[in-house]
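Remarks on the overall topology
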Amino acid sequence: NAGVTQTPKFQVLKTGQSMTLQCAQDMNHNSMYWYRQDPGMGLRLIYYSASEGTTDKGEVPNGYNVSRLNKREFSLRLESAAPSQTSVYFCASSEGLLSETQYFGPGTRLLVL
Amino acid sequence: SQQGEEDPQALSIQEGENATMNCSYKTSINNLQWYRQNSGRGLVHLILIRSNEREKHSGRLRVTLDTSKKSSSLLITASRAADTASYFCATDARGSQGNLIFGKGTKLSVKP
């Protein structure tokens, strides 16, 4: 089992460019999450998907969109990147929304110039 | 909004010593978890303690929870250089729809 995988590992964008961060899990989990981590900060929830077909905003959703493509895949899209979106992005999954343990991917480092 | 706050922000110890990290939170919780993050990697779940539990052990880890003080501590005994990482507490606050809210973390450095 690969667990949670994310692509790409690194990305440099210019302000205004768009991109999609991909995430997939092979643990048959129902719930998936996108977080961002900034220096000296904990993780902040951007969006989550409690189950296939549903998505909800987290703490910091502005500037992002998500798609729960199927049970395995949950993508995060930046339509018009801004320097404030420079961060490390983590995808995570759990069996259910109220299930306790979350499993994290290795992260995507994004630099917006 | 930060629910959990770890203390200290950074901790440096010698191999073999014990490391204690604390977490305080603001609202009632269902459970509290501790995660570890090695530099440049994703978070890894360490241990979960429920609101009706006071203490839990897992290998060299010992977690306590005091709901009256809204605080938890993580003790790593006989630390090793491989324990060098950042440690985060996360709470599953009641009313948060099951989402975890993470603290800012404690950066632990264990010197050989």
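Relevant structure appears above.
Worth saying up front: this structure is predicted, and the values here are computed from it rather than measured.

1. Regarding the nonpolar core
All names here are of chain B.
- Leu32, Trp34, Leu74, Ile76, Tyr87 and Leu108 are the most contacted members of the largest nonpolar core, which has 21 residues in total.
- Put simply, the parts of the chain that give this core at least two residues each are strand 3 (19–25), strand 4 (29–37), strand 5 (43–50), strand 7 (61–66), strand 8 (71–76), strand 9 (85–93) and strand 11 (106–111).
- Tallying contributions element by element places strand 3 first for this core, with four residues.
- If we ignore the near neighbours within four places in the chain, the residues touching Ile76 are Glu17, Asn18, Ala19, Met21, Arg60, Leu61, Asp83, Tyr87 and Leu108.

2. Topic: the layout of surface pockets
- Approximately 820 Å³ is the volume attributed to the largest pocket.
- Around the largest pocket sit 34 residues that line it, and Gln37(A), Arg109(A), Gln37(B), Gly40(B) and Ser86(B) are the ones nearest its centre.
- Broken down by secondary-structure element, the contributors of at least two residues to the lining of the largest pocket are strand 2 (10–13), strand 9 (87–94) and strand 11 (108–112) of chain A together with strand 1 (4–7), strand 9 and strand 11 of chain B.
- Per-class residue counts for the lining of the largest pocket are eleven nonpolar, 15 polar and eight charged.
- What lines the second largest pocket is a set of 14 residues, and nearest its centre among them are Phe104(A), Arg41(B), Gly42(B), Leu43(B) and Val44(B).
- Going through the elements one at a time, strand 10 (103–104) of chain A together with strand 4 and strand 5 of chain B are the ones with two or more residues in the lining of the second largest pocket.
- Considering every element that reaches the lining of the second largest pocket, the biggest residue donor is strand 5 of chain B, with three residues.
- Partitioning the lining of the second largest pocket into residue classes produces five nonpolar, seven polar and two charged.

3. A few points about the interface of chain A and chain B
- Every contact between the two is made by 20 residues of chain A and, on the other side, 21 residues of chain B.
- Summed over both partners, the interface of chain A with chain B comes to about 1700 Å²; 49% of that surface belongs to carbon and sulfur atoms.
- The largest contributions to the chain A side of the interface with chain B come from Leu43(A), Glu100(A) and Phe104(A), which together make up 29% of the buried area.
- Connecting chain A to chain B are zero salt bridges.
- At the boundary of chain A with chain B, the tally comes to two residue pairs in polar contact (both at pLDDT 80 or more).
- The set of elements that each furnish at least two residues to the side of chain A that touches chain B consists of strand 4 (31–37) and strand 5 (43–49) of chain A.
- Residue composition of the side of chain A that touches chain B, grouped by class: eleven nonpolar, six polar and three charged.

Parameters and conventions
- Residues numbered from 1 in each chain as written.
- Chains lettered and ligands numbered in written order.
- Predicted model: local features only at pLDDT ≥ 70, side-chain atom pairs only at ≥ 80, totals over all residues.
- Heavy atoms only, no water.
- Core = buried A, V, L, I, M, F, W, Y, C linked by side-chain atoms within 4.5 Å.
- Buried < 20%, exposed > 50% of the residue type's maximum accessible area, 1.4 Å probe, protein only.
- Helix = DSSP H or I, 4+ residues; strand = E, 2+ residues; numbered from the N terminus.
- Contact = heavy atoms within 4.5 Å.
- 1 Å grid on protein atoms, 1.4 Å probe; cavity = no way out; pocket = protein on both sides within 12 Å on 5 of 7 lines; lining within 4 Å.
- Points joined across faces, edges and corners; volume = space filled by probe spheres on them.
- Nonpolar A, V, L, I, M, F, W, Y, C, P; charged D, E, K, R; others polar.
- Buried area = accessible area lost by both parts, 1.4 Å probe.
- Salt bridge = Lys/Arg side-chain N within 4 Å of Asp/Glu carboxyl O.
- Polar contact = N/O pair within 3.5 Å; in protein donor to acceptor, adjacent residues only side chain to side chain.

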